[in-house]
Amino acid sequence: MESKEKIHSCLNILKRLPPTQIQKNAAALVSLIPDYAEELYQKIDKPLDIGQDERGNQFIQSEFNRDGDSFRSPQNNQYYPPIDDAVYPSEQLRKLELKANAVFDEYRRLYYEGGLSSCYFWDKDDGGFATAWLIRKNVEKTKGIEEGSWSSINVIDVKTDGKSKWTYKITTSVVLEMNISSNQDVGKFNITGTLTKQKEESFEAPAGGKDIELFHIMKIGTLVEDVESYLRSQLDSVYFGKTRDIVFQTRFSEGEKQSIQQRQGLAGEFKQKYG
Amino acid sequence: MNQGEEEITEVQQYEKVVKYIVKNTPFGQANLVIKDLCKIIGNINPQNPIMLQALKDHNEEHLALFKGQSTQILTSVLNSQEDFYVDQKNNETIQVDHEKLEIISRSQVELPSEPDLNQLRDALEQQLNLYLSQQFSEKVCGAYVMYQGDASDFTFYLGITAKTINLPNFFCGSWISTWEVTKTQLKGDLKVQAHYYEDGNVQLKNVNTFSEGINVDLSAASDSAKQIVHAISKLENKHLTGMDNLYNSMPDIFFKAMRRPLPITGTKMNWNENVHKLVANLKQ
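Residues numbered from 1 in each chain as written. Chains lettered and ligands numbered in written order. Predicted model: local features only at pLDDT ≥ 70, side-chain atom pairs only at ≥ 80, totals over all residues. Heavy atoms only, no water.

- Going by the annotation in an unreviewed UniProt entry, the name recorded for chain B is F-actin-capping protein subunit alpha, with Paramecium sonneborni given as the source organism.
- Quoted verbatim from the Subunit (unreviewed entry) field of the UniProt record, the comment on chain B reads "Heterodimer of an alpha and a beta subunit." (UniProt positions renumbered as here; feature names shortened; annotations may be inferred.)

- Per an unreviewed UniProt entry, chain A goes by F-actin-capping protein subunit beta and derives from Paramecium sonneborni.
- Listed in UniProt under the heading Function (unreviewed entry), the comment for chain A reads: "F-actin-capping proteins bind in a Ca(2+)-independent manner to the fast growing ends of actin filaments (barbed end) thereby blocking the exchange of subunits at these ends. Unlike other capping proteins (such as gelsolin and severin), these proteins do not sever actin filaments."

**So, the overall build of chain B**
Point 1. Check the secondary structure of chain B and you find six helices and 10 strands.
Point 2. Taking 19 Å as the expected radius of gyration for a compact globule of 284 residues, we find that chain B reaches 25 Å, considerably beyond that expectation.
Point 3. The principal-axis extents of the C-alpha atoms in chain B amount to approximately 90 × 60 × 30 Å.
Point 4. Counting all 284 residues of chain B, 50% fall into the buried class.
Point 5. Considering only residue pairs separated by 6 or more positions, chain B has 53% of its internal contacts joining residues 24 or more positions apart.
Point 6. Of the roughly 14,000 Å² of accessible surface on chain B, a fraction of 48% belongs to carbon and sulfur atoms.
Point 7. Of note, chain B has its 26 positive side-chain charges centred 12 Å away from the centre of its 35 negative side-chain charges. (Helix = DSSP H or I, 4+ residues; strand = E, 2+ residues; numbered from the N terminus. Rg over C-alpha atoms; globule rule 2.2 N^0.38 Å. Buried < 20%, exposed > 50% of the residue type's maximum accessible area, 1.4 Å probe, protein only. Contact = heavy atoms within 4.5 Å. Areas by Shrake-Rupley, 256 points an atom, 1.4 Å probe, with all protein chains shown as cover. Lys, Arg positive; Asp, Glu negative; His and termini not counted. Charge placed at Lys NZ, Arg CZ, Asp CG, Glu CD.)

**As for helix α3 (residues 49-61) of chain B**
Residues and elements named next belong to chain B.
Point 1. Between the first and last C-alpha of α3 there are 18 Å, a value that for 13 residues agrees with the 18 Å anticipated at 1.5 Å per step.
Point 2. Those residues of α3 that fall on the buried side of the exposure criterion are Ile-50, Met-51, Ala-54, Leu-55, Lys-56, His-58, Asn-59 and Glu-60.
Point 3. Two to three positions downstream of the cap, the backbone nitrogen of Ile-50 sits 2.8 Å from a side-chain oxygen, assigning the N-cap of α3 to Asn-48.
Point 4. Downstream of α3 by one or two residues, Leu-63 has phi in the positive range, about 50 degrees. (Expected span 1.5 Å × (residues − 1). Polar contact = N/O pair within 3.5 Å; in protein donor to acceptor, adjacent residues only side chain to side chain.)

**Quick notes on the packing of helix α5 (residues 212-250) of chain A against helix α5 (residues 221-258) of chain B**
Point 1. Packing of α5(A) against α5(B) brings their axes to within 11 Å, and their N-to-C directions diverge by 175 degrees. By the angle between their directions, the pair α5(A) and α5(B) is classed as roughly antiparallel. Between α5(A), through A:Arg232, A:Leu235, A:Asp236, A:Tyr239, A:Phe240, A:Thr243, A:Arg244, A:Val247 and A:Phe248, and α5(B), the contact on the second element is made entirely by B:Leu240, B:Met243, B:Asp244, B:Tyr247, B:Met250, B:Pro251, B:Phe254, B:Phe255 and B:Lys256.
Point 2. A class-by-class count of the residues in the contact of α5(A) with α5(B) yields 12 nonpolar, one polar and five charged. (Axes fitted to C-alpha atoms, helices over the stretch in contact; angles between N-to-C directions. Parallel < 35°, antiparallel > 145°, perpendicular 65-115°, else oblique. Nonpolar A, V, L, I, M, F, W, Y, C, P; charged D, E, K, R; others polar.)

See below:
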């Protein structure tokens, strides 16, 4: 399918462009394939934005609660700015959404001690549903960090076999931004990026369909917790470790190249003598 | 308007986007990005003038190194002409293939030349090559020296670069520094980039500027060159040490402020307990 190939090429390009400019990068590519704009935007991971209702209650704005230029609040199910004929989750799903938000908020408190969380659900044609569990946290100016932010985007696709087996497929992306204050020694220093992981698991629901909503929240929540924790540990080694390695293998520290050559020289001698 | 003319106009519309995207691509990945752009736009190939121009700009911005049989040249905005590059030292114009990073041909040309400045240029080149061999990975590194002006009023332009390109393991990096030297001042710009894209897209972007007073004596070319390159190497070493310190301290500071590995209780969240407690609260 031609559109699939073009979108695939766009995503390839986005992987290479600076993630600090994700909005601009996406807009540039969308201008080349305007017919597929919607589809492309849904596949892009970028830092999450925050909106609020008329009382100042905040919620996360994302592709998953967007209709046109408006965003739906998970607290009161209203769109801001208000629109007619918008998309809403079914009544059943909305109940699940309210419960999920309450529980996920506790998860956010335990792991993030701050920040903002939102869960959004939507119906699917195959009898299942999908949901996005989102977290945005900003780091205040501290100890040399000018700005920093973490955005978790957990998208879970939920299917059933029609009986009691439920399959949860999660795709989690964590988008990090870190800007170091202009520093005498180093100048302007910024590391920004996304890491993504997928996981799929199936479970048998308790007999009789009792408390199925609580079951979903527990299973989804556990998956989110596992994958986020994994990515957090990866981020440390990739975000910092890997970018550091790349720099230091391009330009060596003073004296390092000499000591590498010395060691290689000694190894060579050793081999000759005893090899 | 016939079919051919329509296509050209459409492609020109894409020119701005192509320029932006190729300009911002990490060095080592431009050819791949251009291939993907051609797939997206359709009816266009990498040899199209718009693609080639974008690639040329990309190479000049990243001080791309072009190799020939017995010579090599770094390309930058400074020595760039429309169809060729100027090699001041060897009095040549050089034509290159931007996709293959190869020198295609060279022609002799007569360029304005200042013997006093030539001496310093050659000494600088020698010192820079020594510096490169000591501090940089051989894989893709190079330097250039050019000058403008005359003995009474001169500016030397130096460029130093090294690149790491490892596409099979999803990473690239570049170190690009450009310097201006007058009789009394040394000014420089440094760009450090790293890109890792296995299962994601993580990029480091670091820029710094330098400025230092120096004293250049044209009659003592060798000593002056040593002084200048020594100043450059000291500034770059200091920058690298600064990066090392940042890398040692940041993970703790940054990640502690972001997300705990575990809640303060030391155990994972008890979903069962919390689900029942919180949903019950909701009903009230």
